[in-house]
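Secondary and tertiary structure notes
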Amino acid sequence: MITPPDRTPLPREFLDRPVLEVAPDLLGRLLVRTTPDGPIVLRLTEVEAYDGPNDPGSHAFRGRTARNGVMFGPPGHAYVYFTYGMWHCMNLVCGPEGQASGVLLRAGEIVEGAELARERRPSARNDKELAKGPARLATAMDIDRSLDGTDVCGPEAAPLHLLTGAPVPADQVCNGPRTGVSGDGGVHPWRYWVDADPTVSPYRPHVPRRRSC
């Protein structure tokens, strides 16, 4: 018998823990994006942990800036950034205030509001690809910089909030190197995903950008 997902909001205490505890525990949880046209609900299937000052791969490794300020705030808020001049990506801030750790939401399954996600991701070949990768996830869920700092542990009427969902058993959670992270930060096996889930994005190592002559 399959237990239906729990629609109870996740408390802030869930995210007020070390990032390496929070990240794998986010798998199977539900992220709800409230839009004027209706909700879009995502079941998380792939995430990456970033451990602030202890992690060369983190945006917060070199300290606080105007861009990453939300990461230093209290846990339970969304850190949304713009990358490559094209895409948005979203992290969930966790851990004690001031430590700037977060979890990048890399992929998930759209379980409600797929018709709305399809409108935003017309190039997706099927529904499994709607949120297969962090930029695709943000696009499908209509997430951009206007949502940076949103309290995901606030009221359900908020633009973003987290629900308990159905946690993934530990024996179904895989981990390995983070995608596209270079240097010392590339060695950490802090990417977590649901084993054999078709919505998980393919692993790609960091490839240095070629310099033009």
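Residues numbered from 1 in each chain as written. Predicted model: local features only at pLDDT ≥ 70, side-chain atom pairs only at ≥ 80, totals over all residues. Heavy atoms only, no water.

Helix and strand counts for the chain stand at 4 helices and 9 strands. The linear arrangement of helices and strands in the chain, starting from the amino end, is β-α-α-β-β-β-β-β-α-α-β-β-β. Each of the three principal axes of the chain carries a C-alpha extent, and together these read 50 × 40 × 35 Å. Within the chain, the proportion of its 213 residues that are buried is 50%. Restricting the contact set of the chain to residue pairs at least 6 apart, pairs at least 24 apart contribute 62%. (Helix = DSSP H or I, 4+ residues; strand = E, 2+ residues; numbered from the N terminus. Buried < 20%, exposed > 50% of the residue type's maximum accessible area, 1.4 Å probe, protein only. Contact = heavy atoms within 4.5 Å.)

The calculated volume of the largest pocket comes to roughly 1100 Å³. Surrounding the largest pocket, 34 residues form its lining, Tyr-84, Arg-106, Pro-134, Thr-179 and Gly-180 being those nearest its centre. Taken together, the residues that form the lining of the largest pocket break down as 14 nonpolar, 11 polar and 9 charged. (1 Å grid on protein atoms, 1.4 Å probe; cavity = no way out; pocket = protein on both sides within 12 Å on 5 of 7 lines; lining within 4 Å. Points joined across faces, edges and corners; volume = space filled by probe spheres on them. Nonpolar A, V, L, I, M, F, W, Y, C, P; charged D, E, K, R; others polar.)

For the rest of this paragraph, the subject is the pattern of salt bridges. Under the criterion given, the structure shown has 15 salt bridges. Residue Asp-142 pairs with Arg-120 through a salt bridge whose shortest N-O separation is 3.2 Å. Here Asp-142 is found in the loop between helix H4 (134–140) and strand S7 (160–165), whereas its partner Arg-120 is found in helix H3 (residues 114–120), with 22 residues between them in sequence. Put simply, Glu-46, Glu-48, Arg-106 and Arg-191 are held in one network by salt bridges that share partners. (Salt bridge = Lys/Arg side-chain N within 4 Å of Asp/Glu carboxyl O.)

Here Trp-193 lies in strand S9 (residues 191–194). Exposure remark for Trp-193: the relative accessible area of 18% places this residue in the buried category. The spatial distance from the C-alpha of Trp-193 to the C-alpha of Gly-113 is 23 Å, given a sequence separation of 80 residues. With sequence-adjacent residues up to four places away left out, Trp-193 is seen in contact with Leu-27, Thr-45, Glu-46, Gln-172, Val-173, Cys-174, Asn-175, Gly-176 and Val-200.

What follows covers the nonpolar core. Leu-31, Met-90, Ile-110, Ile-143 and Val-152 are the most contacted members of the largest nonpolar core, which has 42 residues in total. Here the element with the most residues in this core is strand S3 (residues 38–50); it accounts for 5 residues. Not counting residues within four places of it along the chain, the set of residues in contact with Ile-110 comprises Ile-40, Val-41, Leu-42, Ala-117, Leu-130, Ala-131 and Met-141. If you look at the next biggest cluster of nonpolar residues, it comprises 11 residues, including Ala-60, Met-71, Phe-72 and Val-181. (Core = buried A, V, L, I, M, F, W, Y, C linked by side-chain atoms within 4.5 Å.)

Here the focus is the packing of aromatic side chains. Two aromatic rings, taken as a pair, are described by how far apart their centres are and by the angle between their planes. The full count for this structure, using the stated rule, is 1 aromatic pair. With centroids separated by 5.5 Å and ring planes inclined at 35°, the aromatic side chains of Tyr-79 and Tyr-81 adopt a geometry described as tilted. Taking the relative accessible area as the measure of exposure, Tyr-79 reaches 1% and is therefore buried. Its end group placed over the ring of Phe-14, Arg-17 keeps NZ or CZ at 4.7 Å from the ring centre. Geometry around Trp-193 places Arg-191 over its ring, the cationic atom sitting 4.2 Å from the centre. (Phe/Tyr/Trp six-rings, centres within 6.5 Å; stacked < 30°, edge-to-face > 60°. Lys NZ or Arg CZ within 6 Å of the ring centre and 35° of its normal.)

A few words now on a nonpolar patch on the surface. A cluster of nonpolar side chains, contributed by Tyr-84, Met-86 and Trp-87, occupies part of the molecular surface with about 390 Å² of accessible area. As for its position among the elements, Met-86 is in the loop between strand S4 (78–83) and strand S5 (87–94). Note on Met-86: relative accessible area 53%, which makes it exposed. (Patch = residues over 30% accessible without salt bridge, like charges linked within 9 Å, V, L, I, M, F, W, Y side chains within 5 Å. Areas by Shrake-Rupley, 256 points an atom, 1.4 Å probe, with all protein chains shown as cover.)

Tracing the sequence through the fold places Tyr-50 in strand S3. Through-space distance from the C-alpha of Tyr-50 to that of Arg-178 is 9.6 Å; in sequence the pair is 128 residues apart. Those residues in contact with Tyr-50 that sit more than four places away from it in its chain are Val-19, Asp-55, Gly-57, Ser-58, Asn-91, Ser-101, Gly-102, Leu-104, Arg-178 and Val-181. At 2.7 Å, the side chain of Tyr-50 and the side chain of Glu-48 are in polar contact. (Polar contact = N/O pair within 3.5 Å; in protein donor to acceptor, adjacent residues only side chain to side chain.)

Let's shift gears to unusual backbone geometry. Positive phi, close to 55°, is recorded for Ala-100, a residue that is not glycine. Phi is positive for Asp-142, close to 60°, though the residue is something other than glycine.

Limitation: the analysis is restricted to geometry and does not speak to function.
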